[in-house]
Amino acid sequence: MTDFTRRDAFKISAGGLAAVSGMVAMPSILRAATYPSRPINVIVPFATGGYNDRLSRAFMPYLEKELGQPLVIVNKPGAGTQLGNSYALNQPADGYSILCTSAAPYIPLTVLLQNAPYKVEDFSMINLPSRDYTLAATSSDGPVKTFAEVIDKLKKDPSSLSIGVQPASADYANMVLVFQAAGIDASKLRIVTYDGGGPARNATAGAQVDVGFVGGEGFLPLKTKIRPLAIFAAEKVEWYPDAPLIGSTGIKTDFVEGSQRGWAVTTKLRNEQPEIYKTLVAAVEKASKNPKSIETLKLQELATTWYGPEASDKAYLDNAAKMAKYVDLLK
Amino acid sequence: MIDVSAFNEALGIMFTSVGSWGWIVPGLIVGLVFSAIPGISITMAMAIVLPMSLYMDFFSAIVFLTSVYTGAGFGGSVPAILMNIPGSPSSFATTFDGYAMSQKGEHNEALGYALFASTLCGIAGYVLLLLVIEPLADIVLRIGPVEMFAVAIWGMMLLGSLGSTYISRGLLAAAFGILLGTVGMNTAGFTRGTLGLPVLLDGIAPIPAMIGLLAASQLLSLATRDYIIEAEGSREVSLRKILKGCWGTLKYPGVLLRGSIIGIIIGAVPGVGSSIGNLIAYAETKRTAKDSATFGKGNPKGVIAAESAVASGEGGSMATMLALGIPGGGATAILIAAFMMHNIVPGPSFIETQKPMVYAIILNNIVQAIVLLAVGIGFIYVASNIMKVRTRYVLPAILVIATLGTFAVTGEAAGPITLFVFALLGYALNRYQYPVSAVVVGILLGRMLETEFLRSYQLSGGNPLYVLERPGAMAIFAVMFISLAMTAWGKRKQNRAEAAEAEAMLRMQDEASHAHTPSKG
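The name that an unreviewed UniProt entry assigns to chain B is Putative tricarboxylic transport membrane protein, with the source organism given as Ancylobacter aquaticus.

As recorded in an unreviewed UniProt entry, chain A goes by the name Tripartite-type tricarboxylate transporter receptor subunit TctC, listed as coming from Ancylobacter aquaticus. UniProt, in its Sequence similarities (unreviewed entry) section for chain A, records the words "Belongs to the UPF0065 (bug) family."

In structure tokens form, the structure reads like this:
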């Protein structure tokens with residue numbers, strides 16, 4: 001046993017040392033002409049197994065093909081992506097660290113609510129293929145059938161229905177906005193808070209709460225257990241066509257788009273190394289349009305739509321601006 | 001109930017994919033080794049191997065990952081028994097009687113008990129899963145915050161059985177632990193006690209904190225000895241004794257059954273880890289046992305109860321995952337990712353369309369549990385040799401491995417720093433005779449207690465009568481109080497009987513002395 005433990009200890013420590021020395025030896029400036037000449041780190045500020053982790057791993061082979069270098073997934077979960085974001089900003093702007101993350105609403109939220117030591121503009125989007133929207137839903141065998149019914153009931157008695165939602169999220173903002181628009185007294189509502197989309201969805205599907213406001217995409221595996229009441233999107237959502245749009249429920253309300261997930265880099269890299277940035281954008285574009293990658297990712301319920309840097313950046317900044325506008329609702 | 005034609009098809013899948021069986025043994029060994037390293041939990045062990053499974057075909061990948069899961073469920077108990085340091089939080093309660101047994105020179109038997117309990121209850125969990133997977137999943141979704149709060153309270157009752165010299169210090173230590181467990185952002189979005197450190201927003205990492213608290217005091221106390229066990233004769237590693245322990249497990253079917261039921265239910269509920277099943281099963285077994293006074297002093301039932309809940313929890317957790325696509329805990333979250341990476345989305349539609357595959361996965365897990373018996377005996381045999389090594393070599397190695405374990409997984413210094421801070425704290429607590437284990441229980445349960453209580457409050461709008469609308473919660477509370485009352489009643493009767501006996505003895509002595517006196521005089 002000693003032999004084993006000691007040897008094991010050496011092995012682990014040797015691995016750790018190699019990793020550390022690798023980081024130290026990393027030259028900060030590399031000529032763009034030879035880029036990429038070594039493996040590229042993909043920073044995922046979430047734990048193994050989440051959406052971004054799966055997206056990065058599924059997309060990896062296609063992006064590797066375009067870049068001609070292997071990718072290494074680095075999971076840096078914690079503090080609502082703040083740890084991973086800070087880590088990304090601390091890496092040299094040499095194109096060997098890129099992000100695969102739920103840029104919106106997490107980056108704006110860490111800035112607005114956690115005083116994260118960076119700005120929303122410190123990150124530049126390459127492509128955000130996955131767009132999620134808040135879905136108001138109820139358990140499939142629940143008594144409520146439509147969103148109008150929810151509003152009617154709550155207008156009469158704000159404590160008649162319980163509501164499940166994740167605090168400080170786009171879903172929360174949307175919930176407050178729609179109730180404000182309907183003239184419901186928010187202070188008397190029975191709001192149950194969940195520290196993540198998953199638990200809030202389980203509570204909705206299991207009728208723990210009467211109505212849940214949660215990102216809709218995660219509901220897909222539980223589709224048979226819930227009834228969609230309203231989705232907070234402007235037009236019909238491709239992956240959930242039978243969910244009624246919030247606009248069709250008769251209530252005029254502003255809303256925030258949900259999670260926007262995909263590929264990003266630091267703005268420093270975009271400004272200082274335009275050639276490397278261009279290489280990265282071209283590679284992500286080609287990989288996103290590769291029919292094989294589209295097919296593979298579709299099977300795993302992952303998005304590959306190519307919006308491009310301008311559209312993605314605009315969507316991200318719009319979301320950040322709206323979050324800033326409604327920040328008081330989130331606190 | 002079981003679908004016979006799907007079951008036959010499942011057997012077909014099992015035998016046509018014999019190649020994937022080859023992954024069982026490597027998976028078990030990976031699981032055993034990683035979880036035996038203090039600082040690496042079951043979830044982390046699985047996260048480490050997840051990327052590897054991408055390169056296998058679907059069934060092989062699932063076989064490999066579930067084997068790691070099965071192996072990891074047991075591995076943590078090896079250092080728990082041999083050194084009083086749980087390899088992962090789910091084997092915390094195993095230390096109570098496991099280490100006491102090994103101090104008596106019964107480490108071979110203790111490991112045998114733990115292994116066999118783990119195997120048997122692992123199988124029990126999966127057999128039950130095979131029968132009731134769908135209804136179980138539906139029940140699980142109905143479990144709400146009030147029920148969960150009741151479960152957390154139940155877990156806290158373990159405190160009563162920890163025993164400490166001073167009740168006040170025990171309670172204070174538990175309160176301190178709960179307070180530590182609530183550091184970070186709570187479920188309603190309020191941030192407490194983070195000292196402005198972003199790493200603390202998610203709370204204090206329980207694994208390095210636990211290792212720090214327990215290992216520091218333990219290693220310091222071991223440092224004064226030459227070997228982990230002082231008596232030279234008891235240091236032997238004996239296959240015969242290990243097997244004797246295995247065999248002895250069968251003498252306690254009631255303990256196994258109770259542990260399995262607790263484990264399955266706790267495991268199936270999303271968001272409650274197997275560490276809580278481990279605590280509750282131990283506490284329940286101790287409270288209902290006739291010889292509860294010998295618990296904590298090396299009663300094999302304590303080891304069996306604690307281990308049985310961890311192993312059967314795996315089956316419960318898999319039920320929720322397969323039937324609903326919801327992770328019961330961290331380990332099944334990794335499994336879901338593995339499913340998705342192979343283009344399969346677990347959930348209601350998966351179980352309807354792919355029933356043979358579901359059965360094949362369950363059957364394979366039963367096979368794994370059986371294989372674990374053989375692999376586990378080998379692992380125990382090798383690991384027990386640590387008893388023969390001088391502590392001056394063992395202790396530094398453990399410290400280094402534990403520190404690296406807390407660092408390796410995330411690659412952040414936060415892990416080792418937490419370990420160090422809590423090691424100092426553990427030393428101070430020990431120095432002033434505050435029970436460290438009460439703090440650990442607080443850390444493990446604090447967050448759940450707070451979260452579920454808060455949600456119950458939100459859901460009920462502050463009306464305590466809401467509990468009357470939740471029959472499940474009332475049932476849990478009722479069972480809890482009845483079992484408490486019965487224990488109290490039993491204790492009272494026992495005390496009375498003892499008092500009466502003592503009185504009788506006294507009277508007899510009296511009479512005897514009276515009888516003597518005249519003859520003397």
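(A) Region of the structure containing the overall build of chain A. In terms of helices and strands, chain A carries 12 helices and 10 strands. Relative to its length of 331 residues, chain A is compact, with a C-alpha radius of gyration of 22 Å against a globular reference of 20 Å. Principal-axis analysis of the C-alpha atoms gives chain A an extent of 65 × 55 × 40 Å. Expressed as a percentage of its 331 residues, the buried residues of chain A come to 58%. When the accessible surface of chain A is totalled, it reaches about 13500 Å², and 55% of it is carbon and sulfur. Chain A carries 35 positive and 32 negative side-chain charges, and their two centres are separated by 2 Å.

(B) Seen up close, the domain arrangement of chain A. Residue and element names in this part refer to chain A. Domain boundaries assigned for chain A yield domain 1 (38-131 + 259-330) and domain 2 (134-249). Averaged C-alpha coordinates put domain 1 and domain 2 at centres separated by 28 Å. Contacts between the two partners involve 12 residues from domain 1, matched on the other side by 11 residues from domain 2. A buried area of about 910 Å², summed over both sides, lies between domain 1 and domain 2, and 63% of it is on carbon and sulfur atoms. Joining domain 1 to domain 2, the criterion identifies 1 salt bridge.

(C) Expanded view of a nonpolar patch on the surface. Residues and elements named next belong to chain B. On the surface, Ile2, Val4, Val127 and Leu131 cluster together into a nonpolar patch covering about 290 Å² of accessible area. With respect to the secondary-structure elements, Val4 resides in helix α1 (residues 4-16). According to the relative accessible area criterion, Val4 is exposed, its value standing at 54%.

(D) Looking closely at the packing of aromatic side chains. Residues and elements named next belong to chain A. This model, assessed by the stated rule, comprises 19 aromatic pairs over all chains. Their ring planes at 40° and their centres at 5.3 Å tell us that Phe59 and Trp263 sit as a pair that is tilted. On the criterion of sequence distance, the pair formed by Phe59 in helix α2 (residues 51-67) and Trp263 in strand β10 (residues 260-266) is long-range, its members being 204 residues apart. Measuring from ring centre to ring centre gives 5.5 Å for Tyr118 and Phe123, while their planes differ by 85°; the resulting arrangement is edge-to-face. Residue Tyr118 shares its accessibility class with Phe123, and that shared class is buried.

(E) Representation of the layout of surface pockets within the structure. Within this model, the second largest pocket holds a volume of roughly 1000 Å³. In terms of lining, the second largest pocket is formed by 39 residues, of which the most central are Arg131, Glu217, Val237, Glu238 and Trp239 of chain A. Within the residue set of the lining of the second largest pocket, elements represented by two or more residues are β4 (123-131), α10 (291-299) and α11 (308-325) of chain A together with α17 (348-353) of chain B. The biggest single contributor to the lining of the second largest pocket is α11 of chain A, with 6 residues. Here the residues of the lining of the second largest pocket are counted per class, giving 19 nonpolar, 8 polar and 12 charged.

(F) Layout of the interface of chain B and chain A. Counting residues at the interface gives 48 residues for chain B and 44 residues for chain A. A combined buried area of about 4000 Å² lies between chain B and chain A, and 63% of that area is made up of carbon and sulfur atoms. Our count for the contact surface shared by chain B and chain A stands at 1 salt bridge. Asp141 of chain A is the partner of Arg142 of chain B in a salt bridge, and the nearest nitrogen-oxygen pair spans 3.3 Å. Seen at the junction of chain B and chain A, the total is 10 residue pairs in polar contact (both at pLDDT 80 or more). Breaking the side of chain B that touches chain A down by element, the ones donating at least two residues are α3 (42-53), α7 (107-142), α16 (330-341), α18 (355-383), α19 (391-408) and α21 (436-460) of chain B. Classifying every residue of the side of chain B that touches chain A by side-chain character gives 32 nonpolar, 10 polar and 6 charged.

(G) A look at the sheet that holds strand β1 (residues 40-44) of chain A. Residue and element names in this part refer to chain A. Strand order in this open sheet of 5 strands is β2-β1-β3-β10-β4, and the pairing throughout is mixed. Where the open sheet ends on each side, the last strands, each with one partner, are β2 (71-75) and β4. The mean inter-strand angle of the sheet, taken between neighbouring strand axes irrespective of direction, is 25°.

(H) Layout of the domain arrangement of chain B. Residue and element names in this part refer to chain B. Its domain assignment divides chain B into domain 1 (4-469) and domain 2 (470-511). A C-alpha centroid distance of 32 Å is found between domain 1 and domain 2. At the junction of the two partners, domain 1 supplies 17 residues and domain 2 supplies 13 residues. Buried surface at the junction of domain 1 and domain 2, both sides included, amounts to about 1300 Å², of which 68% is carbon and sulfur. Contact with domain 2 buries area across many residues of domain 1, yet Glu147, Trp154 and Arg287 alone supply 37% of it, more than any other trio. The tally of links from domain 1 across to domain 2 stands at 1 salt bridge. Two residues, Arg470 and Glu147, come together in a salt bridge whose shortest N-O distance is 2.9 Å. Counting across the interface, domain 1 meets domain 2 through 5 residue pairs in polar contact (both at pLDDT 80 or more). Listed by contribution, the elements that provide at least two residues to the side of domain 1 that touches domain 2 are α8 (145-156) and α14 (274-288). For the side of domain 1 that touches domain 2, the leading source of residues is α8, giving 7 residues.

(I) Layout of the state of the cysteines. Under the criterion given, the structure shown has 0 disulfides over all chains. Counting only cysteine sulfurs, Cys246 of chain B is the nearest neighbor of Cys121 of chain B, a cysteine outside any disulfide, at a range of 13 Å.

(J) Inspection of the packing of helix α9 (residues 274-289) of chain A against α10 of chain A at higher detail. Residues and elements named next belong to chain A. Running from N to C, α9 and α10 cross one another at 70°; their axes reach a closest spacing of 5 Å. Between α9 and α10, the angle falls in the class roughly perpendicular. For the pair formed by α9 and α10, the contact residues are Ala287, Ser288 and Lys289 on the first element and Pro291, Ser293 and Ile294 on the second. Classifying every residue of the contact of α9 with α10 by side-chain character gives 3 nonpolar, 2 polar and 1 charged.

(K) Summary view of the sheet that holds strand β5 (residues 134-139) of chain A. All names here are of chain A. The 5 strands are arranged β7-β6-β8-β5-β9 in an open sheet whose pairing can be described as mixed. Because the sheet does not close on itself, it has two edges, and the strands there are β7 (190-193) and β9 (226-231). Strand after strand, the sheet turns through a mean of 30° between neighbouring axes, direction not considered. The pairing of strand β6 (residues 162-165) with strand β8 (residues 211-215) spans 3 bridges and is parallel. In the sheet register, Gly164 faces β8, and the bridge partner there is Gly212. Across the sheet, helix α6 (residues 170-182) is in contact with β5, β6, β7 and β8; its angle to β8 comes to roughly 135°.

Thresholds, definitions, all that
- Residues numbered from 1 in each chain as written.
- Chains lettered and ligands numbered in written order.
- Predicted model: local features only at pLDDT ≥ 70, side-chain atom pairs only at ≥ 80, totals over all residues.
- Heavy atoms only, no water.
- UniProt positions renumbered as here; feature names shortened; annotations may be inferred.
- Helix = DSSP H or I, 4+ residues; strand = E, 2+ residues; numbered from the N terminus.
- Rg over C-alpha atoms; globule rule 2.2 N^0.38 Å.
- Buried < 20%, exposed > 50% of the residue type's maximum accessible area, 1.4 Å probe, protein only.
- Areas by Shrake-Rupley, 256 points an atom, 1.4 Å probe, with all protein chains shown as cover.
- Lys, Arg positive; Asp, Glu negative; His and termini not counted.
- Charge placed at Lys NZ, Arg CZ, Asp CG, Glu CD.
- Domains from an automatic or database assignment.
- Contact = heavy atoms within 4.5 Å.
- Buried area = accessible area lost by both parts, 1.4 Å probe.
- Salt bridge = Lys/Arg side-chain N within 4 Å of Asp/Glu carboxyl O.
- Patch = residues over 30% accessible without salt bridge, like charges linked within 9 Å, V, L, I, M, F, W, Y side chains within 5 Å.
- Phe/Tyr/Trp six-rings, centres within 6.5 Å; stacked < 30°, edge-to-face > 60°.
- 1 Å grid on protein atoms, 1.4 Å probe; cavity = no way out; pocket = protein on both sides within 12 Å on 5 of 7 lines; lining within 4 Å.
- Points joined across faces, edges and corners; volume = space filled by probe spheres on them.
- Nonpolar A, V, L, I, M, F, W, Y, C, P; charged D, E, K, R; others polar.
- Polar contact = N/O pair within 3.5 Å; in protein donor to acceptor, adjacent residues only side chain to side chain.
- Pairing = 2+ DSSP bridges.
- Axes fitted to C-alpha atoms, helices over the stretch in contact; angles between N-to-C directions.
- Disulfide = S-S within 2.5 Å.
- Parallel < 35°, antiparallel > 145°, perpendicular 65-115°, else oblique.

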